[in-house]
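This is what each chain is made of:
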Amino acid sequence: MNKLFDNGHVSLLKELPQEQQKLILEKPVNYFIPWRVVFKASSISTPARPVFDCSARTPLTAQGTGGRCLNDLMCKGKPMSLNLIKMLLKFTIGHTAISGDISQFYNVFKLEPDFWNLKLFLWQEAMDPEKPVNIAVIKTLIYGNSASAPLTEEGMRQLADIVREFDPELADFFTDGRFVDDLNDSLATLAAALRLQEAVDEEFAKLGAKIKGWAIAGMKPAPEISENGYVGVAGMAWHPEGDFVELKIQDLHFGKVLRGRLSPNTKIFTGDKSSFGDMDKFVPRKLTKRQVTSKFMGIFDLRGLLIPLTSRLKRDLRDIVAVTPEWDHGVVDGQRSKWVKNFLDLENCKGLRFTRPRMPEDAIDTKMKLWVLVDAAKDLLCIWAGVGFKRKNGKWSVAFLVARCLLVPIDMTIPRAEMEALVAGSNMLWLLRQILSKWVDSFILACDAQIALFWVLSEKNRLGLWHRTRSVQIRRGTPLENIYHVKTAANIADIPTRPDLLTLKDVGPGSEW
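Residues numbered from 1 in each chain as written. Predicted model: local features only at pLDDT ≥ 70, side-chain atom pairs only at ≥ 80, totals over all residues. Heavy atoms only, no water.

Asks: How should I be thinking about the sheet that holds strand β20 (residues 440-447) in this particular structure?
Replies: Consider a sheet: its strands pair through backbone hydrogen bonds, and that pairing is either parallel or antiparallel. Reading across the sheet, the five strands line up as β19-β18-β17-β20-β21 and stay open at both edges, with mixed pairing between neighbours. Each edge of the open sheet carries a strand with a single partner, namely β19 (399-407) and β21 (483-485). This sheet shows a mean twist of 25° between the axes of neighbouring strands, independent of strand direction. Relative to β19, strand β18 (residues 380-391) runs antiparallel, the two being bridged by eight bridges. Note on β19: the bridge partner recorded for glycine 386 is phenylalanine 400. Along the sheet, helix α11 (residues 414-435) makes contact with β17 (363-376), β18, β19 and β20, crossing β17 at roughly 155°. (Pairing = 2+ DSSP bridges. Helix = DSSP H or I, 4+ residues; strand = E, 2+ residues; numbered from the N terminus. Axes fitted to C-alpha atoms, helices over the stretch in contact; angles between N-to-C directions. Contact = heavy atoms within 4.5 Å.)

Asks: Sorry if this is basic, but what is going on with the packing of helix α8 (residues 289-297) against helix α9 (residues 307-323) here?
Replies: Packed helix pairs are characterised by how far apart their axes lie and by the angle those axes make with each other. Two elements in contact, α8 and α9, have axes separated by 11 Å at closest approach and are oriented at 160°. Taken together, the axis directions place α8 and α9 in an arrangement best described as roughly antiparallel. For the pair α8 and α9, the sense of crossing is left-handed. On the side of α8, the interface is formed by Lys289, Val292, Thr293 and Phe296, while α9 contributes Thr310, Leu313, Lys314, Leu317, Ile320 and Val321. Considered class by class, the residues forming the contact of α8 with α9 number six nonpolar, two polar and two charged. (Parallel < 35°, antiparallel > 145°, perpendicular 65-115°, else oblique. Left-handed = near helix turned anticlockwise from the far one by under 90°. Nonpolar A, V, L, I, M, F, W, Y, C, P; charged D, E, K, R; others polar.)

Asks: Please explain a nonpolar patch on the surface as it appears in this structure.
Replies: Taken together, the side chains of Phe32, Leu122 and Val133 present a nonpolar region at the surface, about 270 Å² in accessible area. If you trace the backbone, phenylalanine 32 turns up in the loop between α2 (18-25) and β2 (35-39). A relative accessible area of 35% places phenylalanine 32 in the partly exposed class. (Patch = residues over 30% accessible without salt bridge, like charges linked within 9 Å, V, L, I, M, F, W, Y side chains within 5 Å. Areas by Shrake-Rupley, 256 points an atom, 1.4 Å probe, with all protein chains shown as cover. Salt bridge = Lys/Arg side-chain N within 4 Å of Asp/Glu carboxyl O. Buried < 20%, exposed > 50% of the residue type's maximum accessible area, 1.4 Å probe, protein only.)

Asks: What exactly am I supposed to notice about the packing of α11 against helix α13 (residues 465-477) here?
Replies: One can describe the packing of α11 onto α13 by two numbers: an axis separation of 8 Å at closest approach and a directional angle of 25°. Taken together, the axes of α11 and α13 lie roughly parallel to each other. Considering how the two elements wind past one another, α11 and α13 form a crossing that is left-handed. Taking contact as the criterion, the partners of Arg416, Met419, Glu420, Leu422, Val423, Ser426, Asn427, Trp430 and Arg433 in α11 are, on α13, Trp466, His467, Arg470, Ser471, Gln473, Ile474 and Gly477. Of the residues contributing to the contact of α11 with α13, the split by class is six nonpolar, six polar and four charged.

Here's what the structure looks like:
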């Protein structure tokens, strides 16, 4: 809170000029926003922060008035430019990555004084209950208000339109390489990254804004945005000096988090990661569907690096949902044993390091090949995307980019599941071509299912409605000349569809996946 006062984003009402105090107090409505302190241990700069609750409703009176909140009355709009996967994929490709954090992003956008009467709150100096209660005025956009996000997006869109006339790359950085206050992208050379950093600093300085700190591949990151050499990027931990990334896999516990904090009495698994017995003792004997679902949904793996493992977890969770009617009912013993093993495998994934750049250092140019391979089996279907660059030795690099794994409907036949996989693969291929249009030079879609390919390539045979609609969707996203058959032995997408045969060696860096 002190940062807001010190930087002039918030002022006490009594310290404002008399005419501004009068403007606020004479308004027919003065709205006081409830607020509280929450904790975010992963934040380097603000581990404890005030949260303004603009969704808190006023009491409902006997006359039927009240019962509304500030967010009810705001024009929310729709933040069209926020696309986390787009930013992450662009950050993953190039040889040199760059990352920056905009300082106090929402507060960069100032409010007209005419609206200050709707952004009041009560404040006691140093949060001392013995101090007098003062009225404070928020003079900028603030977190907790539903209109803040779309307003900041519109502001950044207008800034991008201005700079696009003389620096299109910078404009794209503001729109496609940003998610809220995080700027991330990758380029072919270090010189290009340094130029982009300088251009951002120059434009922001004109607006009275600044970047909290920068991180560039191969260099030590700014201490303001890093901890132990790591920088947070799209839910992952990036080590700029080593240029590798790690997934943030949460500590295993079965407690509850309140306001961002875990109860100090909660037990966290610290046993032997190679011991099934240690994990079996730690996991509650009554393991509920709610607990299993919570742990599975806590895995944030946007690129699908761990899909050979998480595909098994997804299938096992479906089995629990099918036979466990209530959220707090215990799972049967056979399913509990499966999840003890799943939790153990997940613990062993902590600390796995994945090389960030998909573009090798000896690439001769920025022309990138894009491959999407698909496969399906009885329970699961998988879509795998990889990229390659021509190297100085005349060979091509091959690197994993992104993947997805979906559950196959229980009563669906394998050929139909393969057809659904082709639809999903064509959709993913089309999206990747749009997102990485500056990189993609050629592309293919491939699978090992001859029946599904026959349905797609069929020109004369009449197809049923189910087959025809999916064939049309595949063709819409991928030209026929870019659709291929691949032998099963060479189909990487086949790996997660047989999860019971997989070990941790099939997941980590350097594996076939």
